[in-house]
Amino acid sequence: MATGVPTLAFDLAPAPFRATPEILAQYGALTGAEDPRLAPQVAMAIEDALDRAGWPIGRVCGPETALADNFDVSVRVLRQALRILEARGSCRPRRGPSGGLIVLAPDQAAIAAAMANHLLWTGVRDDEVWEARALIEPLALAAAAQASDRGEAAAPPFLGLALACLERFGGGMSGAPKELSRALNAAMRAGDADRAFDLARESVRIRRGLDLAVVAGSTPSFPGATVGQNLAARVAARIGAEIRPEASRDGEPLGTVWTLSERYGVSPGVMVEAVRLLEDAGVAKSVKGRGGGVRLRQPDPASIITTVHGYLAAHAAMPEAEVCFHLNAWATEQAARTRSNAQMDDLGRIWGLVEAAPEPVRAQAWFALQRRLYEIADNGPLHLLAVCFAGFTVRTQAAAPPASDPALTGGIREAGWTIVRGVAERDAMLASAGHERARAIFIPGPRRLMRA
């Protein structure tokens, strides 16, 4: 080991994150995110180590051989993990014999772009974006007003990132009437959260009525791929802009590295890096052997979820349960209004698992129930935000999961049964009442960001 070079000396195994089996199961049930590849797991473990170290921006960690030993992987796998972290803006490789990584603060624009890319490749619709804006913009701008009132610089990272993601689509806040925008800015500067909330909601209503292009005018981008937006990142963005959601679902072939390099006028080496960026974004995969090459794939939520978690950890985000419960309230009411008979049968099956599950795994079944409500509600942006934020909350419990509480478990069971009954009867008010019961258990006290 080279002397004089600090190392990231943490006792970590190359696992997604250190947690009890129960927490791991809850995380998987809630997010649906499973990435069996070793390099993404190592990247996540490095982020957890940096989080425990207070995310020391500017620190040099290395050399590579020491990092590889710490995480019990080869230098080759470590370099793949560092490439993933570089694409997320979490670090920059340090070249040379004493190389390793330099810790950076992930850029909000890069992470928001990654989230928007995922939504574009999964076929997000205009109405989904507007629905998400109607919920997120008032919450985010009211929180920003509250932050201003407390003398803080910005809203919580959760909401700021959600707002930045939605702003990458057409019809954003800059399209609001100027007088309304000025009034909204004044309310935020004055710390008037209630007025900021009302004006933000009115802004969404007006813009939605203008029939603006939302999804059609948006294209994927990789602003945080590498410093200076290098050639591979620009090529990946060009390929990404041509990917149709149905092509991803069908796993259509893109070609070989050689044919792709000829098509886009770059060297095979540049194309290899561009393909890796698409693989890290979860929208492509390399197939070896005869008839292999690069194929599209249904975008995997695992990549974007862990990317968001790294950003939140780097910016010292605290679990924002209030925001998660606002998202859950929307999903619960929407599921009650729109569910089909087949969806209700499936929801009833999951509820049966909640009822029958032994204490250690009941929370896992509860999170599976929440995820199914989002799937029934059918809004890609809000579902993505919910699994990212709620998953981060579960992940932060990994080091010290809460102790079991029979009274708490009983309260959650009653709340869950009310939700399921409300959805079964297509009674959004009853389902919402069940959700409010759950909220009162987890977050006692009045609402902080939204009025009933």
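To start, this report covers the structure provided alongside it. None of the values given here were measured: they were computed from a predicted structure.

Considering the overall build of the protein chain
(1) Moving on: On a plain count of helices and strands, the protein chain comes out with 20 helices and 6 strands.
(2) Moving on: Here the protein chain holds 452 residues, and the buried ones make up 53% of them.
(3) Moving on: Sequence-distant contacts in the protein chain: of pairs separated by 6 or more residues, those separated by 24 or more amount to 77%.

Observations concerning the environment of Pro301
(1) Moving on: By the element assignment, Pro301 lies in helix α14 (residues 301-314).
(2) Moving on: Each C-alpha atom of the pair Pro301 and Met115 lies 9.7 Å from the other, and the pair is 186 residues apart in sequence.

Some details on the side chain of Arg372
(1) Moving on: Mapped onto the elements, Arg372 comes out in helix α17 (residues 359-377).
(2) Moving on: Sequence-distant contacts of Arg372, defined by excluding residues within four places in its chain, comprise Gln343, Asp346, Leu347 and Ile350.

What about the packing of helix α6 (residues 126-149) against helix α9 (residues 193-208)?
(1) Moving on: Between α6 and α9, the least distance of the axes is 8 Å, while the angle of their chain directions is 155°. The angle between α6 and α9 falls in the class roughly antiparallel. When you trace α6 past α9, the crossing you get is right-handed. Residues Asp127, Trp130, Glu131, Arg133, Ala134, Glu137, Pro138, Leu139, Leu141, Ala142, Ala145 and Gln146 of α6 form the contact with α9, whose own contacting residues are Ala193, Ala196, Phe197, Ala200, Arg201, Val204, Arg207 and Arg208.
(2) Moving on: Considered class by class, the residues forming the contact of α6 with α9 number 12 nonpolar, 1 polar and 7 charged.

Points about the packing of aromatic side chains
(1) Moving on: Counted by the stated rule, this structure contains 2 aromatic pairs.
(2) Moving on: Aromatic side chains Phe158 and Phe389 sit 4.8 Å apart centroid to centroid with 90° between the ring planes, which places their arrangement in the edge-to-face category. With Phe158 in helix α7 (residues 157-166) and Phe389 in helix α18 (residues 380-396), this pair connects stretches of sequence that are 231 residues apart.
(3) Moving on: For Phe158, a relative accessible area of 0% translates into the label buried.
(4) Moving on: Taking NZ or CZ as reference, Arg133 lies 4.9 Å from the ring centre of Trp130, over its face.

Some remarks on unusual backbone geometry
(1) Moving on: In this structure, Asp211 is a non-glycine residue whose phi angle is positive, near 55°.
(2) Moving on: Within the secondary structure, Asp211 is located in the loop between α9 and α10 (231-241).
(3) Moving on: A residue is classified by how much of its surface remains accessible, and Asp211, at 73% relative accessible area, is exposed.
(4) Moving on: A positive phi angle is found at Arg426, which is not glycine, with a value near 55°.
(5) Moving on: By the secondary structure assignment, Arg426 is in the loop between α19 (406-424) and α20 (428-442).
(6) Moving on: With relative accessibility at 43%, the residue Arg426 sits in the partly exposed group.

Looking at the sheet that holds strand β2 (residues 91-94)
(1) Moving on: Overall, antiparallel pairing links the 3 strands, which are arranged β1-β3-β2 in an open sheet. Looking at strand neighbours, the two that pair on one side only are β1 (60-61) and β2, the edges of this open sheet.
(2) Moving on: Here helix α4 (residues 75-88) sits on the sheet in contact with β2 and β3 (100-103), set at roughly 135° to β2.

As for the nonpolar core
(1) Moving on: Judged by nonpolar contacts, the single largest core of 63 residues is most densely connected at Phe169, Val308, Leu327 and Phe389.
(2) Moving on: Broken down by element, the residue count for this core peaks at 12 residues, all from α6.
(3) Moving on: Excluding residues within four positions of it along the chain, Leu327 makes contact with Leu135, Ile136, Tyr374, Leu382, Leu385, Ala386 and Phe389.

Side note on the sheet that holds strand β5 (residues 284-287)
By way of backbone hydrogen bonds, the strands of a sheet pair with one another, either parallel or antiparallel.
(1) Moving on: Ordered in space as β4-β6-β5, the 3 strands form an open sheet in which the pairing is antiparallel. At either end of the open sheet lies a strand with only one pairing partner, and these are β4 (253-255) and β5. The sheet shows a mean angle of 35° between the axes of neighbouring strands, taken without regard to direction.
(2) Moving on: Sheet strands in contact with helix α12 (residues 257-264) are β4 and β6 (293-296), and its direction is about 70° off that of β4.

Overview of the side chain of Arg339
(1) Moving on: With respect to the helices, strands and loops of the structure, Arg339 is situated in the loop between α15 (321-338) and α16 (341-356).
(2) Moving on: Although Arg339 lies buried, it forms no salt bridge, and the closest oppositely charged side chain, Asp345, sits 7.1 Å away as judged by the N-O distance.
(3) Moving on: Separated by 3.1 Å, the side chain of Arg339 and the backbone oxygen of Val423 make a polar contact.
(4) Moving on: Engagement of the side chain of Arg339 in a polar contact is seen with the backbone oxygen of Ala424, the distance being 2.4 Å.

Describing the pattern of salt bridges
Where charged atoms of side chains with opposite charge meet at close range, the side chains can pair.
(1) Moving on: Within this structure, the stated rule accounts for 17 salt bridges.
(2) Moving on: Between Arg125 and Asp127 there is a salt bridge, and its shortest N-O distance comes to 3.0 Å.
(3) Moving on: The class of Arg125 is partly exposed, set by a relative accessible area of 34%.
(4) Moving on: The partly exposed category is assigned to Asp127, whose relative accessible area is 33%.

Let's talk about the environment of Cys165
(1) Moving on: Within the secondary structure layout, Cys165 lies in helix α7.
(2) Moving on: Residue contacts for Cys165: discarding those within four places in its chain leaves Ala112, Met115, Ala116 and Leu119.

The rules behind the values
Residues numbered from 1 in each chain as written. Predicted model: local features only at pLDDT ≥ 70, side-chain atom pairs only at ≥ 80, totals over all residues. Heavy atoms only, no water. Helix = DSSP H or I, 4+ residues; strand = E, 2+ residues; numbered from the N terminus. Buried < 20%, exposed > 50% of the residue type's maximum accessible area, 1.4 Å probe, protein only. Contact = heavy atoms within 4.5 Å. Axes fitted to C-alpha atoms, helices over the stretch in contact; angles between N-to-C directions. Parallel < 35°, antiparallel > 145°, perpendicular 65-115°, else oblique. Left-handed = near helix turned anticlockwise from the far one by under 90°. Nonpolar A, V, L, I, M, F, W, Y, C, P; charged D, E, K, R; others polar. Phe/Tyr/Trp six-rings, centres within 6.5 Å; stacked < 30°, edge-to-face > 60°. Lys NZ or Arg CZ within 6 Å of the ring centre and 35° of its normal. Pairing = 2+ DSSP bridges. Core = buried A, V, L, I, M, F, W, Y, C linked by side-chain atoms within 4.5 Å. Lys, Arg positive; Asp, Glu negative; His and termini not counted. Salt bridge = Lys/Arg side-chain N within 4 Å of Asp/Glu carboxyl O. Polar contact = N/O pair within 3.5 Å; in protein donor to acceptor, adjacent residues only side chain to side chain.

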